[in-house]
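Working through the structure, step by step
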Amino acid sequence: MSTSVIKGKERVRKGLIGMLVTSLFCIIFAIIYNHFGHGVYSVYMTYMFLFPLILGSGVYGLVLILPQMKGISRLPFNLYNSGIATLTVGSLLKGIFEIAGTSSPYVVVYWLVGTIMIVFSVLIAIRQKTVSE
């Protein structure tokens, strides 16, 4: 096995573990925040753990099973992780605003930017994969 393949698999394995830990942190954070929320709950706060769990751990788990990651640089991985983090923070802020009884028009920016980052990371990874073959 070449060194780049080993590094790629290790990068994906670390990403998978990191996303599982992030999901667990989001669950614990939501439980504690909802406990002190005086009976007011937010769907965005309760289910914010799904972004790192499904988009993060789920996708990284599939990538480990699928063909090798040879030829893909760190840029798509970093961009993808940043997109997931942006969506998670957007969900967190939306939940906080709902619990507080207010809103902000800027929360939409988190959804938009996070989605754009994920789409660009996938496009860059596909481009790098097709160019290297």
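Up top is the structure.
Presented here is a report on the structure given in the accompanying data block.

**Quick look at the overall build of the protein**
- When you go through the protein residue by residue, the secondary structure sums to 5 helices and 0 strands.
- Secondary structure elements of the protein occur, N-terminal to C-terminal, as α-α-α-α-α.
- With the C-alpha coordinates of the protein rotated into their principal frame, the extents come out at 55 × 25 × 15 Å.
- The buried share of the protein, taken over its 133 residues, is 32%.
- For the protein, contacts bridging at least 24 residues in sequence account for 77% of all contacts bridging at least 6.
- Of the roughly 8,200 Å² that the protein leaves accessible, carbon and sulfur atoms contribute 73%.

**Describing the packing of aromatic side chains**
- Under the criterion given, the structure shown has 7 aromatic pairs.
- Relative to Tyr33, the ring of Phe29 lies with its centre 5.9 Å away and its plane at 25 degrees, an arrangement referred to as stacked. Of this pair, Phe29 and Tyr33 are both found in helix α1 (residues 3–35), 4 residues apart, which corresponds to roughly one turn of the helix.
- Residue classification places Phe29 among the partly exposed positions, given a relative accessible area of 28%.
- Where Tyr47 meets Phe49, the ring centres are 6.4 Å apart and the plane angle is 40 degrees; that geometry is what we call tilted.

**Structural notes on helix α5 (residues 107–132)**
- Along its 26 residues, α5 runs 38 Å from first to last C-alpha, staying within 8% of the 38 Å computed at 1.5 Å per residue.
- Taken together, the buried positions of α5 are occupied by Val107, Gly114, Ile118, Ser121 and Ala125.
- Lining the buried residues of α5 we find α3 (50–65) and α4 (74–100).

**Observations regarding the pattern of salt bridges**
- For the coordinates displayed, the defined rule picks out 1 salt bridge.
- The salt bridge involving Arg13 is made with Glu10; its shortest N-O contact spans 3.2 Å. Taken as a pair, Arg13 and Glu10 lie in helix α1 at a separation of 3 residues, close to a single helical turn.
- For Arg13, a relative accessible area of 37% puts it in the partly exposed group.

**Re a nonpolar patch on the surface**
- On the surface, Tyr106, Val109, Leu112, Val113, Ile116, Val119, Phe120 and Leu123 cluster together to form a nonpolar patch covering roughly 760 Å² of accessible area.
- Looking at the element boundaries, Phe120 is found in helix α5.
- Note on Phe120: relative accessible area 47%, which makes it partly exposed.

Cut-off values and rules
- Residues numbered from 1 in each chain as written.
- Predicted model: local features only at pLDDT ≥ 70, side-chain atom pairs only at ≥ 80, totals over all residues.
- Heavy atoms only, no water.
- Helix = DSSP H or I, 4+ residues; strand = E, 2+ residues; numbered from the N terminus.
- Buried < 20%, exposed > 50% of the residue type's maximum accessible area, 1.4 Å probe, protein only.
- Contact = heavy atoms within 4.5 Å.
- Areas by Shrake-Rupley, 256 points an atom, 1.4 Å probe, with all protein chains shown as cover.
- Phe/Tyr/Trp six-rings, centres within 6.5 Å; stacked < 30°, edge-to-face > 60°.
- Expected span 1.5 Å × (residues − 1).
- Salt bridge = Lys/Arg side-chain N within 4 Å of Asp/Glu carboxyl O.
- Patch = residues over 30% accessible without salt bridge, like charges linked within 9 Å, V, L, I, M, F, W, Y side chains within 5 Å.

Any functional reading would require information that these geometric values do not contain.
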